[in-house]
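Below, each chain spelled out in residue letters.
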Amino acid sequence: MAQQIIRIMRPDDANVVGNVHGGTILKMIEEAGAIISTRHCNSQAGEPCVAALARVERTDFLSPVCIGEVANVSAEITYTSRHSVEVQVNVMSENILTGAKKVTNKATLWYVPLSLKNVNKVLEVPPIQYARKEQEDEGKKRYEEQKLDRLETKQRNGDMIFPVINPDRQTKEPHTVGYSQSSLIHLVGPSDCTLLGFVHGGVTMKLMDEVAGIVAARHCKTNIVTASVDAINFHEKIKKGSVITISGRMTFTSNKSMEIEVFVDADPFVDEPRERYRAVSAFFTYVSLSKEGKPLPVPQLLTETEDEKRRFEEGKGRYLQTKAKRQAQMQQAAQQ
């Protein structure tokens, strides 16, 4: 069973030079994942449910999508545990004038089925049939790895970014964390939400990408594009009527890329007043491009406080780890 979403990219999907926003692609990926996982979870008799996004694994933007091209998003369920569904999604772009096609994204998403009668009740997932026992074993390994990583992320999730709506950037040094730090405030309306009245994961990811893009553009003062997104963890649901604050700050720069940490905090004060809580967190990586689409060097991030220096070193560790993993994959591919 597979799910496809196909649509042509319009000017309002893209930046000023015609590259489609990474958040637009992430939203399409999540829509395909939500459809196929909700269908599967309702494929057997039982309580009706909606699949809610719990996590998106690291995804790389392999090639930009441009205005006028057709994006073909295909999703397939690759593993099920008792209470979760793993969906793998591929995105291919097509130039309908020349017929040229290219793979632009590959992503892995995890969903959990929530009852339509009780949104706090997680239902059981119907099992899928595997062609080989190895597929089930590999899926179980991925499940355990993402479960462990979610726990580690929750432990460091007490960090705060204070909203910066109208900062006096004239008083801040260019290329510092404070100079580019940005926030966006959004009131969650019905069009943002699922049947259960909670925000679509794709809507949240699109807003996160917008804020990360603003941070990157302020730092570089050039055209910027999303290069990759580390695992996005959805810690708590966001209810209709909540006010969400999406905040981003630069954490690390290499010669050709920059890492931006993005948090989403929710204030659900309409129906059930409670303290602000951390709903989503992730790291976005951007690259700087010339008007011709060629990579440009990224200005070095100037760290001022001990916390900024610590976050820079942590970002450097993630960067080197990803670089080593990519090199190992390339060597393995060359040997095959």
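Residues numbered from 1 in each chain as written. Predicted model: local features only at pLDDT ≥ 70, side-chain atom pairs only at ≥ 80, totals over all residues. Heavy atoms only, no water.

Caption draft 1: Up close: the overall build of the chain. Of the regular secondary structure elements, the chain holds five helices and 13 strands. Taken along its principal axes, the extent of the C-alpha atoms in the chain is 60 × 55 × 35 Å. Expressed as a percentage of its 336 residues, the buried residues of the chain come to 49%. Counted over contacts in the chain with a minimum sequence separation of 6, partners at least 24 positions apart contribute 74%. As displayed, the chain offers around 17400 Å² of accessible surface, 52% of which is attributable to carbon and sulfur atoms. For the chain, the distance from the average site of its 44 positive side-chain charges to the average site of its 42 negative ones is 2 Å. (Helix = DSSP H or I, 4+ residues; strand = E, 2+ residues; numbered from the N terminus. Buried < 20%, exposed > 50% of the residue type's maximum accessible area, 1.4 Å probe, protein only. Contact = heavy atoms within 4.5 Å. Areas by Shrake-Rupley, 256 points an atom, 1.4 Å probe, with all protein chains shown as cover. Lys, Arg positive; Asp, Glu negative; His and termini not counted. Charge placed at Lys NZ, Arg CZ, Asp CG, Glu CD.)

Caption draft 2: A look at the UniProt feature "active site" (unreviewed entry) in the chain. Following the UniProt record, the feature "active site" (unreviewed entry) maps to Asn15 and Asp209 here. Taking the farthest pair of C-alpha atoms as the criterion, the annotated set spanning 195 residues converges on one region, since that pair is 12.2 Å apart. Relative to the helices and strands, asparagine 15 resides in the loop between strand S1 (2–8) and helix H1 (22–41). By relative accessible area, which is 18% here, asparagine 15 ends up buried. One polar contact links the side chain of asparagine 15 to the main-chain amide nitrogen of valine 17, over a distance of 3.1 Å. Positionally, aspartate 209 belongs in helix H4 (residues 201–220). (UniProt positions renumbered as here; feature names shortened; annotations may be inferred. Polar contact = N/O pair within 3.5 Å; in protein donor to acceptor, adjacent residues only side chain to side chain.)

Caption draft 3: Looking closely at the pairing of strand S12 (residues 277–289). Across the 13 residues that make up S12, a large majority, 12, are buried. Alignment of strand S8 (residues 223–229) against S12, held across six bridges, turns out to be antiparallel. Across the sheet, serine 228 pairs through a bridge with threonine 285, a residue of S12. Looking at chain direction, strand S11 (residues 258–267) and S12 are connected through nine bridges and run antiparallel. Following the sheet pairing, valine 262 is matched in S12 by alanine 282. Connecting S12 to the next strand, strand S13 (residues 295–296), in antiparallel fashion are five residues, including glycine 293 with a positive phi near 85°. (Pairing = 2+ DSSP bridges.)

Caption draft 4: Spatial organisation of the packing of aromatic side chains. Throughout the structure, instances matching the rule amount to six aromatic pairs. Ring centres 6.3 Å apart and planes at 40° place the aromatic pair tyrosine 79 and tyrosine 143 in the tilted group. Of this pair, tyrosine 79 sits in strand S4 (residues 70–80) while tyrosine 143 sits in helix H2 (residues 133–155), and the two are 64 residues apart along the sequence. We classify tyrosine 143 as buried; its relative accessible area is 17%. Ring geometry for phenylalanine 252 against phenylalanine 312: centres 4.9 Å apart, planes inclined by 55°, an arrangement best described as tilted. (Phe/Tyr/Trp six-rings, centres within 6.5 Å; stacked < 30°, edge-to-face > 60°.)

Caption draft 5: Focus on the environment of lysine 309. Its location among the elements puts lysine 309 in helix H5 (residues 306–335). Through-space distance from the C-alpha of lysine 309 to that of valine 50 is 42 Å; in sequence the pair is 259 residues apart. Apart from the residues lying within four places of it in its own chain, the contact partners of lysine 309 are Thr303 and Glu304.

Caption draft 6: Quick look at the nonpolar core. Counting 67 residues, the largest nonpolar core has Ile238, Met258, Ile260 and Phe284 as the members making the most contacts within it. Residue contributions to this core peak at nine residues, all from H4. Look past the residues within four positions of phenylalanine 284 in its chain and what remains in contact with it is Leu26, Met205, Met208, Asp209, Ala212, Thr226, Ser228, Val229, Met258, Glu259, Ile260 and Val262. (Core = buried A, V, L, I, M, F, W, Y, C linked by side-chain atoms within 4.5 Å.)

Caption draft 7: View of H5. Helix length check: H5 (30 residues) gives 44 Å between terminal C-alpha atoms against 44 Å at 1.5 Å per residue, within 8%. On its buried face, H5 sits against helix H3 (177–180), strand S10 (243–253), S11 and S12. (Expected span 1.5 Å × (residues − 1).)

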